[in-house]
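# Close look at the chain arrangement
What follows is each chain in one-letter form.
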Amino acid sequence: MRIKFVLYILLAGLILSSQAASAQSFSLDQIQNVKVSQLSDTQIKEAWKKMQDLGIPEQDAYKLMEQRGMDPIEVNLFKQRVNLLGLNKGANKVSATAKKEDIDFRRDTVVVVEKPAAKAPDKVDPGTPLTIYGSEFFNQTTIKFDPDFNVATPKGYVLGPGDELIILLTGLNESTVRSRISPEGNLQIPYAGIVYVNGFTIEQATSLIRNKMARIYPALSSGQSQLTVNLGNTRSIKVTLVGEVKTPGSYTISSLSTLFNALYLSGGPAPNGTLRNIEIIRNNKIYRTVDFYTFLQQGVLEGNIRLQDQDVINFPVYRKRVSISGEVKRPAIYELKAEERLSDLIRYAGGFTDIAYQSIAKVDQVTELERAVKDVPSGMFDDFLPRNGDQVTIGPIQNRYANRVMLEGAVNRPGPYELSAGLSLSSLLKKADGLKPEAYMERAYIKRTLPNLDKELISFNPADVLNGRTDIPLLREDSIVVQNRAEFMTDQYVTIGGNVRNPGPVIYRKGMKLADLIAIAGGLNEQAAGHHVEVSRIIKNNTDSVANQLVETFNVDITKGGPDIELQPLDYINIPRLVNFRPLGNIAVTGEVIFPGEYAVQKRDETALDFIQRAGGLSPYGSLESAQIYRNNIRVDLDLTRAGTDPVIQKSMMLLPGDSIFIPRVISFVQVSGAVNNPQYISYQGRRFKYYINSAGGALEDARIKGAYVQYPNGLNKPVRNFLFFRNYPSVKPGSTITVPKKNPDNRFRLGFAEISGITSAITALVGLIAILNSK
């Protein structure tokens, strides 16, 4: 209800003071007929003030106006008027003390009141890589050609019905009149009467108004009062765009709009429309022909005349288009006039690029029967007249040098050099400040391409050239290469492995010894056998017969000041490990022992019983039978009660560093869990499996007895075994846990043909066996 009330208030504010401004009056039922262009600035301000006093957001009010049937274009116009007056920025507050401030001299900024829907664009040949010059200008969304409403009133502006005039009388007499021209072309001036101004310019209308008001204000004739007539809100006019235009139709625009405003609103010409001969038709005659290239090329708004009501803008079909591509700055398809030459086309394209070959232009023409190619020299550019459909191509210059030689490799200043007259190899090397110390002095070469394109290689001795003993004259595009000595050498390695801190290959250097290599490798580690260093060396056999022995191996003792032998490339040095060296390791003994803890491994054959003995033996509550051994967190199946003299059992009881022993406490109960009626701990009675199941209340209906198992205190598990209809239950020991699982509803008892056949065969064989035994 509040929104509806606000709408009533807003619409009431729009019609305030309508009698003084000769504006329209309307009701809520006629909101769709509201024309914002006919409302005065005072009405807009009062409506805005009502909306602000009630706290309605601006956007919500606009949406509500559309929902009540107001034309969206009119809503947009109202929004523009609010923006123009600066009401949504807290500016332009009207003062009630000065009457002059009631007059707003700004004009309506409405550009488009009504715009036809765009039609589908004409199809362009997809094989054409170039675009039509100027078409992209009309596709820009960031460029706007809005009329300039901030300029002074144009003296040549022709008045018409709907225009608003502001008449200011200053001097001896002070008066301000704001009046709109009626549909009959009359302007009503208080006390002066009616003045007919339709079709007159502002300057002419000023003279008519002065003569009319001079009868009431005699000071106008004596010069003691001055009269000024300005244009207030402008009227809307209709123009029509026809021909090859993207969006033809009638447009309602401001009377201050110009030709370029209409062109941009229409989206510009269609693919076949002209930009060079745009016609403005006024009173059924061609009033002006405009060339849009003047603006595109120079930015000059020549021909941008102000439109009048009922003007027609016609886009004829283009007459001549020529494409230009290649080395020009703006490759595109250009529209040429009948008298324009090839030089004009190149000028439209922005001229040549930096690498363009400007002596000849290639022109591909379409003749009556076939295509033809013409080579137009630069001297004919001003005289050659392109035809419609010509394709002009400007090629690049050749990618080669007329006077260049290249110097590469181990020289102090490599790079391209000018091939001056008489330039030789020795003088070029002097220009490059000679060779680098690492240059290969035995041989260098020149790569040369002969005029017949044959490739030639000329070798030379750099030392002879520098000493003046020989010299070679250079030719165009010669490439001189001086190699680096490192290119002829490969790094050789020696390798050290075994018990050093950083084993691996090491670059061989002349004079390297065994002690040097060990030092480079970070020295020996704590388990290295320095008295037994093995050196392997490749045997250099230059004979042509196949040898059996390829490597020579010898041992060196470096612990007692042994010989520090000199190494050779590709030697392999191995530092073995001490025979009796073993890293210190511990065995953790926990549980029911006297002294639990970690104990170091003393001997290679130390067993679990030895460690238990070192831990003080079992406590009175320890169970050796249930002892658990772990290696890498995995249980080891080892029964410590089977200790004896059997060597196999003795070896199995040997532990490794990192192993652990856990002695559990003696437990005199048996735990029954799972699918039984009463899971509990039952005192161990030396009974069988079924006794403990029954003691727990028996199995449930969904219990799966054949899947039950016993977990012994030492961690081992033993399941119930099944054979045909017979079932073998595991034994139960103190501290055991009996687990009875439930049946899986998805694994119901199902017998296939193969299972039934197997059971039948087994029963038949069993019956036959019984019959044979009874017969005896």
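Residues numbered from 1 in each chain as written. Predicted model: local features only at pLDDT ≥ 70, side-chain atom pairs only at ≥ 80, totals over all residues. Heavy atoms only, no water.

### Some details on the overall build of the chain
As a reminder, the rule being used: The way it works is that DSSP assigns letters per residue, a run of H or I at least four long becomes a helix, a run of E at least two long becomes a strand, and they are numbered from the N terminus. In this scheme, a residue with accessible area under 20% of its type's maximum is buried, one over 50% is exposed, and one in between is partly exposed, where area comes from a 1.4 Å probe on protein chains only. Any two residues whose heavy atoms approach within 4.5 Å are treated as being in contact. Note on areas: these come from Shrake-Rupley sampling with a 1.4 Å probe, and a residue is covered only by the protein chains present in the view.
Within the chain one finds 17 helices and 38 strands. Relative to its full complement of 776 residues, the chain shows a buried share of 38%. Excluding contacts between residues fewer than 6 apart, the proportion of contacts in the chain whose partners are at least 24 apart in sequence is 60%. A total of about 45100 Å² of accessible surface is found on the chain, and carbon and sulfur atoms cover 51% of it.

### Some remarks on the sheet that holds strand β16 (residues 391-394)
Counted only if it meets this: When DSSP finds two or more bridges between a pair of strands, those strands are recorded as paired. Structural elements are reduced to axes, namely lines fitted to C-alpha atoms, with helices fitted over the stretch in contact, and the angle between N-to-C directions of any two is expressed from 0 to 180 degrees.
The strand order across the open sheet built from 5 strands is β13-β12-β16-β14-β15, with neighbouring strands paired in mixed fashion. The open sheet has two free edges, formed respectively by β13 (332-335) and β15 (371-377), since each of these has just one partner strand. Taking the axes of each pair of neighbouring strands and ignoring which way they run, one obtains an average angle of 25 degrees across the sheet. Strand direction decides the pairing type here: strand β14 (residues 360-366) and β15, joined by 7 bridges, are antiparallel. By the bridge assignment, isoleucine 360 is partnered in β15 with proline 377.

### Some thoughts on helix α8 (residues 259-266)
Residues that lie three or four places apart on an α-helix share one face, since the helix turns once every 3.6 residues. The buried fraction of α8 amounts to 8 of the 8 residues, a majority that puts the element mostly inside the structure. Two residues or fewer after α8 comes glycine 267, characterised by a positive phi angle close to 85 degrees.

### Some details on the sheet that holds strand β17 (residues 404-409)
Hydrogen bonds along the backbone pair up the strands of a sheet, which may run parallel or antiparallel. If you trace the 5 strands from one edge of the open sheet to the other, you get β18-β17-β21-β19-β20, paired in mixed fashion. With one partner strand each, in any of the chains shown, β18 (415-418) and β20 (455-460) form the two edges of the open sheet. Averaged over neighbouring strand pairs, the angle between their axes works out to 20 degrees when direction is ignored. As paired strands, strand β19 (residues 444-449) and strand β21 (residues 479-482) are joined by 3 bridges and run antiparallel to one another. In the sheet register, isoleucine 446 faces β21, and the bridge partner there is isoleucine 480.

### Let's talk about the nonpolar core
Inclusion rule: Each nonpolar core is a collection of buried residues, namely Ala, Val, Leu, Ile, Met, Phe, Trp, Tyr and Cys, held together in the definition by side-chain atoms within 4.5 Å.
Residues Leu263, Phe292, Ile313, Ile324, Tyr334, Leu342 and Val392 are the most contacted members of the largest nonpolar core, which totals 46 residues. Per element, the largest residue contribution to this core is 6 residues, and it comes from α8. Not counting residues within four places of it along the chain, the set of residues in contact with tyrosine 334 comprises Tyr133, Tyr293, Lys320, Arg321, Val322, Ile324, Leu345, Tyr348 and Ala349. Counting 23 residues, the second largest nonpolar core, distinct from the first, contains Leu187, Val197, Ile202 and Val229.

### What to know about a nonpolar patch on the surface
Operational definition: Residues enter patches when their relative accessible area tops 30% and they take part in no salt bridge; the joining distance is 9 Å for like charges and 5 Å for the nonpolar side chains Val, Leu, Ile, Met, Phe, Trp and Tyr. In the sections that follow, a salt bridge refers to a side-chain nitrogen of Lys or Arg positioned within 4 Å of a carboxyl oxygen of Asp or Glu.
Taken together, the side chains of Phe723, Leu724, Phe725, Phe726, Ile759, Ile763 and Val767 make up a nonpolar region of the molecular surface, amounting to roughly 790 Å² of accessible area. If you trace the backbone, isoleucine 763 turns up in helix α17 (residues 753-775).

### Considering unusual backbone geometry
Positive phi, close to 70 degrees, is recorded for glutamine 310, a residue that is not glycine. Considering the arrangement of structural elements, one finds glutamine 310 in the loop between α9 (293-298) and β11 (312-315). Overall, the relative accessible area of 54% leaves glutamine 310 in the exposed class. For aspartate 433, which is not glycine, the phi dihedral falls at a positive 60 degrees. Given the relative accessible area of 45%, aspartate 433 is considered partly exposed.

### Regarding a positive patch on the surface
For the record, the criterion: We count Lys and Arg on the positive side and Asp and Glu on the negative side, and we leave His and both chain ends out. In this description, the location of a charge corresponds to atom NZ of lysine, CZ of arginine, CG of aspartate or CD of glutamate.
A cluster of basic side chains, namely Lys690, Arg704, Lys706, Arg727 and Lys743, defines a positive patch on the protein surface. Here arginine 704 shows up in the loop between α16 (689-695) and β34 (709-711).

### What about the confidence of the model for the chain?
Applied cut-off: Per-residue confidence from the predictor is reported as pLDDT, a score between 0 and 100.
For the chain, per-residue confidence averages 81 on the pLDDT scale, and 83% of positions sit at 70 or higher. Looking across the chain, the model is least confident in helix α2 (residues 18-21), with a mean pLDDT of 37, and most confident in β21, with 95. Below pLDDT 50 for its whole length, residues 108-115 participates in 32 contacts with residues either more than four positions away or in separate chains. Note on residues 119-127: pLDDT is under 50 here. Beyond four places in sequence and across chains, it has 7 contacts.

### Here's the deal with the pattern of salt bridges
This structure, assessed with the given rule, holds 18 salt bridges. Across the pair arginine 282 and aspartate 311 runs a salt bridge, and its minimum N-O distance is 2.7 Å. Of this pair, arginine 282 sits in strand β9 (residues 278-282) while aspartate 311 sits in the loop between α9 and β11; the two residues are 29 residues apart in sequence, bridging distant segments of the chain. Classification of arginine 282 by relative accessible area gives buried; the value is 11%. Assessed through its relative accessible area of 1%, aspartate 311 is described here as buried. Across the salt bridge formed by aspartate 344 and arginine 347, the nearest N and O atoms sit 3.1 Å from each other. Here aspartate 344 pairs with arginine 347, and both are found in helix α10 (residues 342-348), just 3 residues apart, close to one helical turn.

### What to know about the packing of aromatic side chains
Operational definition: Ring pairs shown here join Phe, Tyr and Trp side chains whose ring centres sit within 6.5 Å, with only the six-membered ring taken for Trp; geometry is labelled stacked below 30 degrees between planes, edge-to-face above 60, and tilted in between.
What the rule picks out here adds up to 14 aromatic pairs. When the ring of tyrosine 133 is compared with that of tyrosine 334, the centres are 4.7 Å apart and the planes differ by 35 degrees; the resulting orientation is tilted. Of the two residues, tyrosine 133 is situated in the loop between β1 (112-114) and β2 (164-171) and tyrosine 334 in strand β13; the sequence distance between them amounts to 201 residues. You'll find tyrosine 133 and tyrosine 334 in the same group, each marked buried. Taken together, a centroid distance of 6.4 Å and an interplanar angle of 75 degrees make the contact between phenylalanine 137 and tyrosine 264 edge-to-face. Here phenylalanine 137, found in the loop between β1 and β2, pairs with tyrosine 264, found in helix α8; they are 127 residues apart in sequence, far enough to count as distant. Residue tyrosine 264 is classed as buried on the basis of its relative accessible area of 15%.

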